[in-house]
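Each chain, letter by letter, is given below.
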Amino acid sequence: MRAGVVVLAAAGALAAWHWARARRARRRGLLRVYMGDVAALYAGARPVRVRGRANLPSGESTHLPETIGAPTSADFPLVVLAGEAAARAGIQACAQNAYALLHDDGLLNRHGAVLLRGLPISTPADFEAFCSALDWRSTKLGGGGTVRTVLAGTVRTASDEPPEHTIEPHMDMAHNGAFPARIGFMMLHGPPEGCGGETVLVDMRHVTRDMQAQGIDAEFARRGGVLYRKKLWSSQKVEHSFTWQRRFFSDAKAGVEAQLPAAGARKWNWTDDDALIFENALPATIVHPETGETLWFNGIHTNHRDYFDLAPHIDTADGSPFDTFYADGGEIEPDTLAKIRGSMWGRAVAVALQSGDVVVVDNRLAAHGRIGWTPGVPRKMLLNHFE
Ligand SMILES: [Fe+2]
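Worth saying up front: this structure is predicted, and the values here are computed from it rather than measured.

Draft legend 1. Highlighting the environment of His165. Mapping His165 onto the fold places it in the loop between β8 (155-157) and β9 (167-170). Overall, the presence of 18 C-beta atoms within 10 Å leaves His165 in the partly exposed class. Sequence-wise, His165 and Leu119 are 46 residues apart; in three dimensions their C-alpha atoms are separated by 29 Å. Look past the residues within four positions of His165 in its chain and what remains in contact with it is Ala311, His313 and Gly372.

In structure tokens form, the structure reads like this:
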């Protein structure tokens, strides 16, 4: 009897999977992979200064490129354009077509980052509807290092850092035991030309090869991986945003502690001042569950204290909220940090996104960041995390 129920349930799930796939197949043709000249897509893009940029960690190092530019290959990011029928077909149909390309055809695993242009979406609610219609489950994880504002369902601002602040390329929550597998970004207001605000994308397959060639991945493996040390204050005691209430979405210590094991925390303590100090250790690399590749995946450089010490809007008078070490407790050499940043920036492209553009990245295959922009310019990027 029980075996019969299991067989029926399995048959039902298989039928639902086939039905969903067939439904997506009917939507094909709304979106098409761009096969034209890549230079035409990014015409007018100017080089973006990296080395010597204000407040950039390792910013003066010769490991960093002087500038980065627009993509020169249609492979990264892959570009998908919505045709005229897309607006008539609606958001749901476009999302089904997008999922057929990204997931069923394996284009996201192959390319790591995909730019979708021309979708009929222009508001946070539209983007939420698009994300909901993709067959990935949305997620909102505690313990992250970025302040965001919820705008619609699971759709949030990508980051509430000050406009002029450049954010190094990174993988979201790679310092955490739980992290989003994929991220959807939507440019709500694209910055005008010449004001900065480019979106930075990095092919992590290249960075992984750089780390292997320089023996950096081997050194982290030899020393047990990466140690992340984190401190979050209480919102009752400080004015800044690095508080456990804000980062773990809970006003109760018990609510925070319940989330710490999933974040990979191996030990934690509360200070007399109600601050939370916790640690977790992770390898510097990860095996992609679908492609089987080993990839450089960690928060070594973006969670190191020199990022926070250099950020003018972050108060580090009472210590840095995050810091990284070798897992044996040893300090990471400044030159190693500069080489990691040199590879991340050296492999980066700067994309001037337009209003309505959507970028989907596999969080392990592609890193993302942003160039600061002129304050007052209404650039706004939205984000949705997927499991
Ligand atoms: Fe991010």
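The structure having been displayed, the exposition proceeds.
Draft legend 2. Region of the structure containing the domain arrangement of the protein. For the protein, the assigned domains read domain 1 (21-51 + 67-196 + 353-386) and domain 2 (211-340). Centre-to-centre, using C-alpha coordinates, domain 1 lies 26 Å away from domain 2. Taken together, the contact pairs 19 residues of domain 1 with 25 residues of domain 2. The class makeup of the residues in the side of domain 1 that touches domain 2 is six nonpolar, ten polar and three charged.

Draft legend 3. Layout of the sheet that holds strand β11 (residues 199-203). In space, the four strands of this open sheet follow the order β9-β20-β11-β18, with antiparallel pairing throughout. Edge positions in the sheet fall to β9 and β18 (348-351), since each has one partner strand and no second. Recorded for the sheet is a direction-independent mean angle of 20° between the axes of neighbouring strands. Pairing analysis gives two bridges linking β9 to strand β20 (residues 366-370), with the strands arranged antiparallel.

Draft legend 4. Focus on the pairing of strand β12 (residues 226-232). Burial analysis of β12 places five of its seven residues in the buried class, the great majority of the element. Sheet topology note: the β12/strand β14 (residues 276-282) ladder contains seven bridges and is antiparallel. Following the sheet pairing, Leu227 is matched in β14 by Ala281. Pairing analysis gives five bridges linking β12 to strand β17 (residues 322-326), with the strands arranged antiparallel. The partner of Arg229 across the bridge, within β17, is Asp323.

Draft legend 5. View of the sheet that holds strand β13 (residues 267-270). The strand order across the open sheet built from four strands is β13-β14-β12-β17, with neighbouring strands paired in antiparallel fashion. One side of each edge strand has no neighbouring strand; the edge strands of this open sheet are β13 and β17. In this sheet, neighbouring strand axes are inclined to one another by 15° on average, regardless of whether the strands run parallel or antiparallel.

Procedures and definitions
- Within each chain, residues carry numbers counting from 1 in the order of the written sequence.
- pLDDT decides what is reported in this predicted model: residues at 70 or higher carry local features, side-chain atom pairs at 80 or more are listed and counted, and totals for whole chains, interfaces and linings draw on all residues regardless.
- For helices the rule is a DSSP run of H or I covering at least 4 residues; for strands it is a run of E covering at least 2, with both sets numbered from the N terminus onward.
- Neighbour counting defines burial: a residue surrounded by 20 or more other C-beta atoms within 10 Å of its own C-beta is buried, one with 12 or fewer is exposed, and intermediate counts give partly exposed, using backbone-placed C-beta atoms.
- Placing C-beta atoms from the backbone, we regard two residues as in contact once those atoms come within 7 Å.
- Where each domain starts and ends comes from a domain assignment, either automatic or drawn from a database.
- Polarity classes work like this: nonpolar for Ala, Val, Leu, Ile, Met, Phe, Trp, Tyr, Cys and Pro, charged for Asp, Glu, Lys and Arg, and polar for all others, with Gly in that last group.
- When DSSP finds two or more bridges between two strands, those strands count as paired.
- Helix axes use the C-alpha atoms of the stretch in contact, all axes being lines fitted to C-alpha atoms, and the angles between their N-to-C directions lie in the range 0 to 180 degrees.

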